[in-house]
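Chain by chain, the residues:
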There are 2 protein chains.
Amino acid sequence: MNITDVAKKAGVSISTVSRVLNNASYPVKQETRERVLEAVRELGFRPNDLARGLLLKKSRTIGLVIPDISNPYYPELALGLEATASEYGYSVIFCNTGRQAEKLEHYVDVLLQKRADGIVLAGGGTDFTPVFQPLLDFDVEVVVIGRHYLPFLSVQIDNVAAAREVTTHLAELGHRRIAFISGPLNLTSVQDRLAGYRSGLEERGIGRDDRLVREGDFQSESGYSAALSLLQAEPRPTAIFASNDRMAIGVVAAAADLGLKVPDDISVVGFDDIIMASYMRPALTTVAIPGYEVGAYAMRLMLRLFAGEECSQITWLPTNLVVRDSSGPPRETEGFDVMKLERGGAEGRVLE
Amino acid sequence: MNITDVAKKAGVSISTVSRVLNNASYPVKQETRERVLEAVRELGFRPNDLARGLLLKKSRTIGLVIPDISNPYYPELALGLEATASEYGYSVIFCNTGRQAEKLEHYVDVLLQKRADGIVLAGGGTDFTPVFQPLLDFDVEVVVIGRHYLPFLSVQIDNVAAAREVTTHLAELGHRRIAFISGPLNLTSVQDRLAGYRSGLEERGIGRDDRLVREGDFQSESGYSAALSLLQAEPRPTAIFASNDRMAIGVVAAAADLGLKVPDDISVVGFDDIIMASYMRPALTTVAIPGYEVGAYAMRLMLRLFAGEECSQITWLPTNLVVRDSSGPPRETEGFDVMKLERGGAEGRVLE
DNA sequence: CTGAAAGCGCTTACAG
DNA sequence: CTGAAAGCGCTTACAG
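Residues numbered from 1 in each chain as written. Chains lettered and ligands numbered in written order. Predicted model: local features only at pLDDT ≥ 70, side-chain atom pairs only at ≥ 80, totals over all residues. Heavy atoms only, no water.

**Some remarks on the protein's contact with DNA strand C**
Near DNA strand C you find 27 residues, and of these A:Arg19, A:Thr32, A:Lys57, B:Ser18 and B:Asn22 are the closest. When the atoms of DNA strand C within 4 Å of the protein are grouped by moiety, sugar and phosphate amount to 57% of the total. In the model, a phosphate oxygen of DNA strand C is placed 3.0 Å from a nitrogen or oxygen of the B:Arg52 side chain. When residues of the surface near DNA strand C are traced back to their parent elements, those giving at least two are α2 (14-22) and α4 (49-56) of chain A together with α2 (14-22) and α4 (49-56) of chain B. Here the surface near DNA strand C takes 5 residues from α2(B), the largest share from any one element. The class makeup of the residues in the surface near DNA strand C is 13 nonpolar, 9 polar and 5 charged. (Near = heavy atom within 4 Å. Polar contact = N/O pair within 3.5 Å; in protein donor to acceptor, adjacent residues only side chain to side chain. Helix = DSSP H or I, 4+ residues; strand = E, 2+ residues; numbered from the N terminus. Nonpolar A, V, L, I, M, F, W, Y, C, P; charged D, E, K, R; others polar.)

In structure tokens form, the structure reads like this:
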């Protein structure tokens, strides 16, 4: 069933049907308009967007390329992007790369073939440069999330500042031995968080000790095992800053398994503020990333690009340190009872 | 840039270009083939899928309509679906209804206009019947996840059996006052879990007490407040079965806030087995739903429908009760020390 | 206010 | 082995 069937049924030409359907302001006799609408309703006609797109060179489709939807940050981002897209009549094609370079290229190919109007490239861990040429060659708008590449616009959060804030928060509580568990170090966001951690230490005059830095992989398990090793070393840290919440949850589990209390024996801070963070006991201190807003903003940027408007190269969206119960003053500052529990306690005090 | 440009550059007709690109087995002189491929490469040509789809009446696109991607079950499902889809050359359009009826109709309209080859309708809470007629009218395959509707195929998990298994697991540990926190009761999956809970009670000869049943909304907060009310009632339950993990996490938080130990004072079981479940302390006993498999299977079903193969109306995928540390025998069975903690303790023993 | 016609970029019988 | 031509279902100047 197509526009010709509708035209026949309504006794008009396909031009008129098209006008009634697409151009509300076009002058069509009221009676004709109603006849067309009636035919559309009776036939259950839905215009073929493939034909429309072919002609107009617009598919009303956005490609969303993300590394890993299992990371709870991305569903939020996808939600914000999709809600905004759908509000403006765009559909979102969902592409999950699993951080594999060949999948990135594959998805860009597919999206280009489908003539997506825009492509959102989110997350780190994959090198985007191999797809720059095709992206530049085609008439497609690109927005990058989480990193910045010169030919394209980007939406970012300030990982350096956020991690620095976490670190100074812990320093203000009295911590001097603050450990850091990174995510995969090939991610720029992770490099930035590490840099922010170090910058925070420096700002507070705390000497850098790389034995307190571990590389994780953003999974809880890696936070768990990194914490196990950190908490059994001597002197042990009084605070652990994990660069995402899932690893922080692993840290809390490791502390519990070692019989250590959070935050009395060990303060823990995460990053992301996933839902679970506020429902753990003690509730997790963490950095809230506005995932929904990031997605929504990326789509709004896209719409401005479609409209040919000027946009700033980088948009920084604010993070928010949410202080809950998993971070508190280290036990040492409260008295000597720490000695009973903590082998590294005395040594720890030397650092004060 | 289009197929004509490629043809010109290679000095052949567009027919030949098309054949080289799409029909590997079509007899084309080796030298011609190479000239075409060379031109494609040099121009960075990507065939227009809109034109292809218009002609072939195939868009190589699947619509995924889900209620709420923030529910951690759906990203897994989306991942399984998308991975399988992309493996077979299909793209996935992501549609999040937020359980709003009008959005469901909107998305079905959009997907029909985009001439999606298939539509996957997942989750409960929204009545699907209003979109049946358009779905039936169009040449589109439909797979339903989580419910069964006669005109369509479905992939389901057995919520009744899974909830019964949880309940008998708790009964076997010695629990008699087993509370249940449901999700939104308009969801068939929730109704099924409630039915399974009751069937488990009956199977173990435990009298039904509806004061032990609360309606939640799948958010942690509702589990938290339901647990607060359950745990402050008298006699209080010795076990709480929450019908998803997020609510179970709220239950654990409420128990902690009341100074109750899990599982000694109160056993807690969830449903879903989200990643967090295994990283809580105590780790959460819960029902694992194979989200990835459900998505992957739905896509495989779709492919079989495209191929015109016979498929069974309903496919049941297995759940798995994962017993961890949050469920254990009730304290009453271990001695009188319960009296110190539990106001309802003595009364509780009467029930034994 | 309405319609005939061109054309978007492909695939595929059909002819050679 | 190769090409000319029809046609998928639309939108929109152009003509009236």
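**Focus on the interface of chain B and chain A**
With 52 residues of chain B at the interface, the matching set in chain A holds 52 residues. It is B:Arg46, B:Leu50 and B:Tyr279 that lose the most area in chain B upon contact with chain A, and together they represent 16% of the buried surface on that side. On inspection of chain B and its partner chain A, the count reaches 4 salt bridges. The salt bridge partner of A:Asp49 is B:Lys114, with a shortest N-O separation of 3.7 Å. (Contact = heavy atoms within 4.5 Å. Buried area = accessible area lost by both parts, 1.4 Å probe. Salt bridge = Lys/Arg side-chain N within 4 Å of Asp/Glu carboxyl O.)

**Points about the protein's contact with DNA strand D**
In the neighbourhood of DNA strand D, 27 residues make up the surrounding shell, with A:Ser18, A:Asn22, B:Arg19, B:Thr32 and B:Lys57 lying closest. Of everything in DNA strand D that lies within 4 Å of the protein, sugar and phosphate atoms constitute 57%. In this structure, A:Ile3 approaches DNA strand D through a main-chain N or O atom, which is 2.7 Å from a phosphate oxygen. Between DNA strand D and B:Lys57 there is a distance of 2.7 Å, counted from a phosphate oxygen to a side-chain nitrogen or oxygen. At the level of elements, α2 and α4 of chain A together with α2 and α4 of chain B are the ones that each hand at least two residues to the surface near DNA strand D. Of all the elements, α2(A) adds the most residues to the surface near DNA strand D, at 5 residues. Of the residues assigned to the surface near DNA strand D, the class counts are 13 nonpolar, 9 polar and 5 charged.

**Examining the relation of the copies chain B and chain A**
Note on the copies: chain B fits chain A at an RMSD of 0.1 Å, the axial shift is 0.0 Å, and the rotation between them is 180°. Overall, the copies show the geometry of a two-fold rotation axis. When each C-alpha of chain B is compared by its distance to the rotation axis, B:Ile93 comes out closest, at 2.2 Å. Most of the interface of chain B is mirrored in chain A, where 100% of its interface residues again form contacts. (Least-squares fit on C-alpha atoms with pLDDT ≥ 70 in both.)

**Concerning the packing of α2(B) against helix α3 (residues 30-43) of chain B**
All names here are of chain B. The geometry of α2 relative to α3 is characterised by a closest axis approach of 10 Å and an angle of 85° between their N-to-C directions. Classed by the angle they form, the pair α2 and α3 counts as roughly perpendicular. Contact residues: α2 offers Thr 16, Val 17, Val 20 and Leu 21, while α3 offers Thr 32, Arg 33, Val 36, Leu 37 and Val 40. Here the residues of the contact of α2 with α3 sort into 6 nonpolar, 2 polar and 1 charged. (Axes fitted to C-alpha atoms, helices over the stretch in contact; angles between N-to-C directions. Parallel < 35°, antiparallel > 145°, perpendicular 65-115°, else oblique.)

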